[in-house]
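# Understanding the architecture of this molecule
For reference, the chains in residue letters:
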Amino acid sequence: MSLRLEKVSMQFGGLVALRDLDLEIPEGVIISLIGPNGAGKTTVFNLITGVYRPTEGTIHYNGHRLNGLPPHKIIALGIARTFQNIRLFKNMTALENVQVGMHCRTQSGAIRALFKTRFERAEEQRIRKRAQEILQELGIDRYQDEYAGNLPYGEQRRLEIARALATDPKILLLDEPAAGMNPKETEDLMQLILSLRNKGLTIFLVEHDMKVVMGISDRIAVLDHGQKIAEGPPRAIQQDERVIEAYLGRRHTTTGSIS
Amino acid sequence: MVRREIQRFCIYTLFLTILVLPMVGMRGPEFEARRAFTVLSVLVGVLLLTTVFRLLRETSFYRNLGQRIRQRRDRALGKIQVLPRPVALGSLFFLLALFPFAANNYVIDVAITVLIYVTLGLGLNVVVGLAGLLDLGYIAFYAVGAYTYSLLNLHYGIPFWFALPFGVVIGSLCGCIIGYPTLKMRGDYLAIVTLGFGEIIRLVLNNWDNLTKGPNGLLGMDKPKLILPSFSDGGLSWTVVPLKSLPSLYFVILAVALLTVIAVHRLNNSRIGRAWIAIREDETAAELTGIPTTLLKLLAYALGAVFAAVAGAFFAAKLSYTNPNFFVFLESCVVLSIVVLGGMGSIPGIILGALALIAIPELFRELASYRMLAFGGAMTVMMVLKPEGFIPATRRKRELHEEELESEEAADE
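What counts, and where the lines are drawn
Residues numbered from 1 in each chain as written. Chains lettered and ligands numbered in written order. Predicted model: local features only at pLDDT ≥ 70, side-chain atom pairs only at ≥ 80, totals over all residues. Heavy atoms only, no water. Helix = DSSP H or I, 4+ residues; strand = E, 2+ residues; numbered from the N terminus. Buried < 20%, exposed > 50% of the residue type's maximum accessible area, 1.4 Å probe, protein only. Contact = heavy atoms within 4.5 Å. Areas by Shrake-Rupley, 256 points an atom, 1.4 Å probe, with all protein chains shown as cover. Domains from an automatic or database assignment. Pairing = 2+ DSSP bridges. Axes fitted to C-alpha atoms, helices over the stretch in contact; angles between N-to-C directions. Buried area = accessible area lost by both parts, 1.4 Å probe. Salt bridge = Lys/Arg side-chain N within 4 Å of Asp/Glu carboxyl O. Phe/Tyr/Trp six-rings, centres within 6.5 Å; stacked < 30°, edge-to-face > 60°. Lys NZ or Arg CZ within 6 Å of the ring centre and 35° of its normal. Core = buried A, V, L, I, M, F, W, Y, C linked by side-chain atoms within 4.5 Å. pLDDT = per-residue confidence, 0-100.

Quick look at the overall build of chain B now. Looking only at helices and strands, one finds 18 helices and six strands in chain B. The buried share among the 413 residues of chain B stands at 45%. Put simply, of all contacts in chain B between residues at least 6 apart along the chain, 71% involve residues at least 24 apart. Just so you have it, chain B exposes about 22,100 Å², and 69% of that area is on carbon and sulfur atoms.

Structure (structure tokens):
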């Protein structure tokens, strides 16, 4: 049930964004991908979710080869993601955003909608109920009928996670979920991520906030200039010479704050 | 603010002078000063008025005026909403049903046209308003519907109601044919391709003489027939009634328009409708939320085309005549204007839009050539003052007035 990247490379014209990346994401862990800006972290997410097709290498998930699959099929296999720069459907309500997330797990088509069949009505009810549950779980149910664009920033990030969860994923890819959050919100976010992991979800995290990364990750992989330079548990990464060098350019050790 | 407006005024005046004096004044070798300066002064006058208007708009008087009007309107709307919805809709329907008994044939004819355009507008709304795909060749599907019925009826004698499903199928196929190559396109490119497609259909109809009789058009299709119960000879019997009179056609087309309203309303509030809106909002995010965007965009094209094809079949049947010149680009523009002017994504808005753009120009038919001028002017004014349309869908209003809403909210706090 693991997600496996084998010798994955990505080139944009002459620019090598990613070189020979090997990465295995086992089930039920929190794994973080860190690295300086432009190291290729978001590219990894885009490759896994099918936005780009790797120039070389393969990505396997649960016996499926993901290379070349359209994103919506990959999502349907159980991989969901959020975006670095929030990409909610701003002019839809919070509830509708989550409902859209359930698209790939439901099936009423246009014909059923036109005739409002019993199946369609039951399914609509189920979608609504489940979406409300998800909002509740994330503690943003009071914004249910608010337009997503009107939500406070931190809640928008939560709503993105809610929308991703609505696709009923096995793996959740979070792209800098703590960006722009205040310490309190960040703390809540860490609790949320941990509770999701405890429910059996695999979390793949790209994050700059080292407090988050070091605080909750089971494993950390470090990218620099498109190459993996280290991988291991948080403590080992904190002391890795090459990681420190990549971040600071020279030797400098202070525990827990290499940002 | 004032300085900027004055600056702008001066620049535009200079611009106009440079453009207008030679273009209007030079007649052959001579310079007609009087003519040139008359035109110039009119233009500068208009410019001055605009500037004054723009400056006024910034004063507190105008701002408060807008707010006061809004409050009044909200209060008035609040009163209307006191009527329970079924009662309101019921009485509206009742009025629509009684309408032909109180009107003459000309008015009914206009009403039928309005209803056909309501159907067209709602169909285009699926494509433009919901899925957010700008379609400038929409009238092509209307033509497909009209010609499908005409050809099937003239060549094979297929009656209207049996030809209608063919029209629907061929219409939706055409929707997919135009949809498929445009799936990867967005915005401007999409608009250009759809525009081209619309013209291709018209030109094919215009030049395929053997089949469509070219510019002469097709003539003499049967009217739709209805089987109605009659109680004349003491017992119940069924008679076939051709819908020859305008009122009878009106009722059938009213039914079609109502069915379209219901269909679009249901689509709007369904899983598919939500997915369309998501695609309009952010296509990439929609795809990455598990929505098969390609399939759904094709579906939007196909369904939009179905409504147009049905409307087209009724249009051809009503006139018993069709020709390629009914389906020029201007018609696509009119339908698009109905959607935009009425309010994208809003069903009552589109109905009002159809009324405004089809019925009102009819009222001013005597003014003939000034009609289009007034039409264009009204459109421009409308777009400046109320870009979201007469009755905006709540969403669209948000999109277009985001800043104002925010400042109002800030003021409230």
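Here we come to the domain arrangement of chain B. Here chain B is described as being made up of domain 1 (2-81) and domain 2 (88-404). The gap between the C-alpha centroids of domain 1 of chain B and domain 2 of chain B is 36 Å.

Residue and element names in this part refer to chain A. The mixed open sheet is built from six strands, whose spatial order is β6-β7-β8-β3-β9-β10. Either end of the sheet is taken by a strand with one partner, and the two such strands are β6 (79-81) and β10 (227-232). Each adjacent strand pair in this sheet contributes to an overall mean axis angle of 20 degrees, direction not counted. Pairing of β6 with strand β7 (residues 171-175), which is carried by three bridges, proceeds in the parallel orientation.

This next bit is on the interface of chain A and chain B. Facing the 38 residues of chain A at the interface are 29 residues of chain B. Between chain A and chain B, the buried area comes to about 3,000 Å², and carbon and sulfur atoms account for 58% of it. Sorting the residues of chain A by area buried against chain B places A:Asn91, A:His103 and A:Leu114 first, and these three jointly supply 24% of that buried surface. Note that A:Glu124 is salt-bridged to B:Arg274, the shortest N-O span being 3.1 Å. The set of elements that each furnish at least two residues to the side of chain A that touches chain B consists of α2 (71-76), α3 (94-101), α4 (110-115) and α5 (118-137) of chain A.

So, on to the sheet that holds strand β2 (residues 15-25) of chain A. Residue and element names in this part refer to chain A. With antiparallel pairing, the four strands of this open sheet are ordered in space as β2-β1-β4-β5. Each of the sheet's edge strands pairs with one partner strand only, and the pair in question is β2 and β5 (64-65). The sheet contact formed by strand β1 (residues 3-12) and β2 spans seven bridges and is antiparallel. Looking at the pairing, Met 10 lines up with Leu 18 of β2. Sitting on the sheet, helix α1 (residues 41-48) touches β1, β2 and β4 (56-61), and the angle it makes with β1 is about 115 degrees.

Residues and elements named next belong to chain A. In this antiparallel pair of consecutive strands, β1 and β2, the connection spans two residues, and Gly 13 shows a positive phi of 60 degrees. As defined by bridge partners, β1 adjoins β4 across five bridges and the pair is classed as antiparallel. By the bridge assignment, Ser 9 is partnered in β4 with Glu 56.

What follows concerns the packing of aromatic side chains. Tallied over the full model, the rule gives 18 aromatic pairs over all chains. On the basis of an interplanar angle of 75 degrees and a centroid distance of 5.0 Å, the ring pair of A:Phe12 and A:Tyr52 is categorised as edge-to-face. Residue A:Phe12 is located in strand β1, and its partner A:Tyr52 is located in the loop between α1 and β4; the two are separated by 40 residues in the primary sequence. A:Phe12 gets classed as partly exposed once you look at its relative accessible area, which sits at 32%. On the accessibility criterion, A:Tyr52 (29% relative accessible area) is partly exposed. Judged by centre distance (6.3 Å) and plane angle (65 degrees), the rings of B:Tyr147 and B:Phe327 are edge-to-face. Placement of B:Tyr147 in helix α6 (residues 139-156) and of B:Phe327 in the loop between β6 (321-322) and α14 (329-342) is noted, with a sequence separation of 180 residues between them. Members of the aromatic cluster, connected to one another through ring pairs, are B:Tyr142, B:Tyr147, B:Phe315, B:Tyr321, B:Phe326 and B:Phe327. Above the ring of A:Phe83, the side-chain terminus of A:Arg87 is found at 5.6 Å from the ring centroid.

Ranked by internal contacts, the top residues of the largest apolar core, which has 102 residues, are B:Leu120 and B:Trp276. Excluding anything up to four places from it in sequence, B:Leu120 contacts B:Tyr138, B:Ile139, B:Tyr142, B:Ala308, B:Ala311 and B:Val335. A:Ile134, A:Ala148, A:Ala166 and A:Val212 belong to the second largest nonpolar core, which has 37 residues in total.

Right, let's talk about the environment of B:Asn216 for a bit. All names here are of chain B. Along the chain, Asn 216 turns up in the loop between α9 (209-212) and β3 (218-219). Of the residues examined, Asn 216 reaches a relative accessible area of 60% and is grouped as exposed. Taking the C-alpha atoms as reference points, Asn 216 and Tyr 321, 105 residues apart in sequence, are found 9.9 Å from one another. Leave out the neighbours within four places in its chain, and Asn 216 touches Tyr 321 and Asn 323.

Attention now moves to the confidence of the model for chain B. Residues and elements named next belong to chain B. On average, residues of chain B score 83 in pLDDT, and 89% of them are at 70 or above. Mean pLDDT per element in chain B: helix α18 (residues 402-412) is the minimum at 49, and helix α11 (residues 271-281) is the maximum at 94. Every residue in residues 408-413 scores below 50 in pLDDT, and together they form one contact with partners more than four places removed in sequence or on other chains. Scored as a complex, the prediction yields pTM 0.82 and ipTM 0.90.

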